[in-house]
Amino acid sequence: MSKLKQLPQLTLALLKPDIVVNPTIRNQILHKIQSHPHSFTIVEQKDILWKLAQAKAFYKAHEGRFFFERLCGFMTSGKFTALILAREDAIHYWRQLIGPTHPCRARVVAPGTLRATYGLTDTRNSFHGSDSDDTAKREIKLFFPDFDIDEWRRNQNS
Ligand code: UDP
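Owing to the predicted nature of the structure, the values given are computational and were not obtained by experimental measurement.

Rules used throughout
- Residues numbered from 1 in each chain as written.
- Predicted model: local features only at pLDDT ≥ 70, side-chain atom pairs only at ≥ 80, totals over all residues.
- Near = placed C-beta within 6 Å.
- Nonpolar A, V, L, I, M, F, W, Y, C, P; charged D, E, K, R; others polar.
- UniProt positions renumbered as here; feature names shortened; annotations may be inferred.
- Helix = DSSP H or I, 4+ residues; strand = E, 2+ residues; numbered from the N terminus.
- Contact = placed C-beta atoms within 7 Å.
- Buried ≥ 20, exposed ≤ 12 C-beta atoms within 10 Å, placed from the backbone.

Around the ligand, a shell composed of H62, F67, L71, T101, D122, T123, N125, H128 and D131 is seen. Split by residue class, the shell around the ligand holds 2 nonpolar, 5 polar and 2 charged.

So, about the UniProt feature "domain: Nucleoside diphosphate kinase-like" (unreviewed entry) in the protein. In the numbering used here, UniProt assigns the "domain: Nucleoside diphosphate kinase-like" (unreviewed entry) feature to residues 8-151. Along residues 8-151, the helical share is 46% and the strand share 18%, with 14 Å between the first and last C-alpha atoms.

As a further point, take the UniProt feature "binding site: ATP" (unreviewed entry) in the protein. Under the present numbering, the feature "binding site: ATP" (unreviewed entry) in UniProt falls on K16, F67, R95, T101, R115 and N125. In this fold, R115 is placed in helix α7 (residues 114-118). Once residues lying within four places of it in the same chain are set aside, the contact partners of R115 are I98, G99, P100, P103, A106, N125, S126 and F127. Relative to the elements of secondary structure, N125 occurs in the loop between α7 and β4 (127-129). Owing to 24 C-beta atoms within 10 Å, N125 belongs among the buried residues under this scheme. Ignoring any residue separated from it by four or fewer positions in sequence, one finds N125 in contact with T101, P103, R115 and G119.

Have a look at this one:
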């Protein structure tokens, strides 16, 4: 029986300002995520500096939570890096690689993950990853409006 090769999936990842402020760490991470065994392909990459309104819109689902203002302040404190990553099951594997939201918890339950290694606090937790296919599509469109997902898929198939 022939083994079907799974097509790559896309996800949207952010390296948050606490990572981007340190170019050496940022480059280490960019290298690590492309290397074995993670083997993500960086399809697109962009540095972004948000205005407060953009941060508030992106994190609207958390509006009213105790950490909302702190989170939006952090995400506008400096540049962050947005990436479109590809590999099979990219959404699952990227979230697995970054680990749980809270770095202190990550150090206990998922040592070796990126947040366990680099995360500073619950808010300054270094990374973001889309949590579903629909979210990934929406977030890719937001950060890379000129990127055509359907065309990218067609090129993978040809
Ligand atoms: N966050 C925070 N305190 C919390 C929970 C979340 O500051 O108690 C921040 C953190 O930066 C997190 C972001 O809010 O990454 C979005 O939270 P979400 O629950 O969506 O977690 P994620 O999907 O990023 O792991």
